[in-house]
Amino acid sequence: GAKGAKGQQTEALNWKQCVWKREDDKDTGLIQECRFKKIHGNSALHVAYGGNLRVKCGYGSTCCSRWYFTFDNDECTGPMAIDGIVYKQTTADNPHRHRQIEGYCENIPAGEVRVGFNIGQCSAVTLHDGFSGWNSVSRIMIAEVPPAQQ
């Protein structure tokens, strides 16, 4: 057949993955940091965590832990925080489960960005026994993406 029209040159996807295999029993603070070189000032970052998370509490009580991303030590405000919680009540079991937390963060300037995955307290619930990364690989995936449609 006839030769087709020349296609457009597209930019290569700018992405990174940070992977680790360790158990972390802290209840607050930074679990893992991944440094990323953001190329464009008007782009967004798509971040995702995949790994094992759990919260444990005694029988007859409720408990909750919150895992969240930070960008240069601040939570995302464009448009909102990227977080997930594990909440349970009335059992003393110890359920370790794979969890996925992801989202897009806008308004991050170009340059090196310290992407952190953190654990902390849920709103209106006392701090409990959180645990990250039991017996499996954990990963943070980061990709720079074009601005969202308006």
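Note that residues are indexed from 1 along each chain, following the sequence as it is written. Note on the predicted model: pLDDT of at least 70 is required for a residue's local features to be given, and 80 or more for side-chain atom pairs to be given and counted; whole-chain, interface and lining totals, by contrast, use all residues. Only hydrogens and water are set aside; all other atoms, that is, all heavy atoms of the structure, feed into the side-chain values.

Engineer: An account of the nonpolar core is needed here, citing residue identities and associated values.
Structural biologist: The nonpolar side chains of a soluble globular protein tend to be buried with one another. Membership of the largest hydrophobic core comes to 27 residues, with the highest contact counts inside it found for F69, F71, I82, V115, F117, I140 and I142. Strands here mean DSSP runs of E at least two residues long; helices mean DSSP runs of H or I at least four residues long; both are numbered from the N terminus. At 5 residues, the largest contribution of residues to this core is made by strand β3 (residues 44-56). Once residues within four sequence positions are removed from consideration, F69 is found in contact with V47, A48, Y49, E75, C76, I82, I101, V115, G116, F117, N118 and I140. Remark: nonpolar core denotes a set of buried residues (Ala, Val, Leu, Ile, Met, Phe, Trp, Tyr, Cys) joined through side-chain atoms within 4.5 Å. Relative accessibility under 20% of the residue-type maximum defines a buried residue, over 50% an exposed one, and the middle range a partly exposed one, all with a 1.4 Å probe and only protein chains included. The contact definition used throughout considers only heavy atoms, calling two residues in contact when any of these lie within 4.5 Å.

Engineer: Describe in detail the layout of surface pockets, supporting the description with residues and values.
Structural biologist: Empty space left among the atoms is revealed by rolling a probe the size of a water molecule over them. Approximately 200 Å³ is the volume found for the largest pocket. Detection works on a 1 Å grid of protein atoms alone, calling trapped sets that fit a 1.4 Å probe cavities and calling open sets with protein on both sides within 12 Å along at least five of seven lines pockets, with lining residues defined by an atom within 4 Å of a point. If you trace the largest pocket, you find it lined by E11, A12, L13, N14, I39, H40, N42, S43, E144, V145, P146 and P147. In the scheme used here, Gly and all other residues not listed as nonpolar or charged are polar, with Ala, Val, Leu, Ile, Met, Phe, Trp, Tyr, Cys and Pro taken as nonpolar and Asp, Glu, Lys and Arg as charged. Of the residues in the lining of the largest pocket, the class split is 6 nonpolar, 4 polar and 2 charged. Grid points are joined across faces, edges and corners, and a volume is the space filled by probe spheres set on the points.

Engineer: Can you tell me about the pairing of strand β4 (residues 62-71), naming the residues and giving the values?
Structural biologist: Burial within β4 is extensive, with 9 of its 10 residues counted as buried. Note that β4 and strand β5 (residues 74-75) share 2 bridges and pair antiparallel. The partner of F71 across the bridge, within β5, is D74. Two successive antiparallel strands, β4 and β5, enclose a turn made up of 2 residues, where D72 displays a positive phi of approximately 55 degrees. Following DSSP output, two strands are said to pair if at least two bridges run between them.

Engineer: Tell me about the state of the cysteines, residues and numbers included.
Structural biologist: Sulfur atoms of two cysteines make up a disulfide when they are within 2.5 Å. Applying the stated rule across the entire model yields 3 disulfides. Covalently, C18 is tied to C34 through a disulfide, its sulfur atoms 1.8 Å apart. Here C18 and C34 share a disulfide; its torsion about the S-S bond, 60 degrees, makes the bridge right-handed. On the criterion of sequence distance, the pair formed by C18 in strand β1 (residues 14-20) and C34 in strand β2 (residues 29-38) is long-range, its members being 16 residues apart. On the basis of relative accessibility, which here comes to 1%, the residue C34 falls in the buried class. Disulfide pairing places C64 opposite C122 at an S-S distance of 1.9 Å. Its torsion about the S-S bond being -70 degrees, the disulfide of C64 and C122 is classed as left-handed. You can see C64 sitting in strand β4 and its partner C122 sitting in the loop between β8 (111-121) and β9 (129-132), a full 58 residues away along the chain. Classification of C64 as buried rests on a relative accessible area of 2%.

Engineer: Quick rundown of the packing of aromatic side chains? Include the residues and the values.
Structural biologist: Two rings from Phe, Tyr or Trp (for Trp, the six-membered ring) form a pair when their centres sit within 6.5 Å of each other. Planes less than 30 degrees apart are called stacked, planes more than 60 degrees apart edge-to-face, and all others tilted. Inspection of every chain in the model, using the stated rule, returns 3 aromatic pairs. Ring geometry for W20 and Y49: centres 6.3 Å apart, planes at 40 degrees, overall tilted. One end of the pair, W20, is in strand β1; the other, Y49, is in strand β3, with 29 residues separating them in the sequence. Y49 gets classed as buried once you look at its relative accessible area, which sits at 1%. Ring plane angle 10 degrees and centroid distance 4.0 Å describe the contact between Y49 and F117, whose orientation is recorded as stacked. With Y49 in strand β3 and F117 in strand β8, this pair connects stretches of sequence that are 68 residues apart.

Engineer: Any chance you could break down the environment of Y104 for me, citing the residues and the numbers?
Structural biologist: In this structure, Y104 sits in strand β7 (residues 97-105). Apart from residues lying up to four places away in sequence, Y104 is in contact with L45, H46, C76, G78, P79, I82 and V145.

Engineer: Can you lay out the pattern of salt bridges for me, pointing to particular residues and giving the numbers?
Structural biologist: In the sections that follow, a salt bridge refers to a side-chain nitrogen of Lys or Arg positioned within 4 Å of a carboxyl oxygen of Asp or Glu. Under the defined criterion, the tally for this structure stands at 8 salt bridges. The closest approach of N and O atoms between E112 and R35, which form a salt bridge, is 2.9 Å. Here E112, found in strand β8, pairs with R35, found in strand β2; they are 77 residues apart in sequence, far enough to count as distant. As a salt-bridge pair, D83 and R66 come within 2.9 Å of each other at their nearest N and O atoms. Here the residue D83 occupies a position in strand β6 (residues 83-89), and R66 occupies one in strand β4, the gap between them amounting to 17 residues. Judged by its relative accessible area of 37%, D83 falls in the partly exposed class. Linked by salt bridges that have partners in common, E33, R35, D72, E112 and R114 make up one network.

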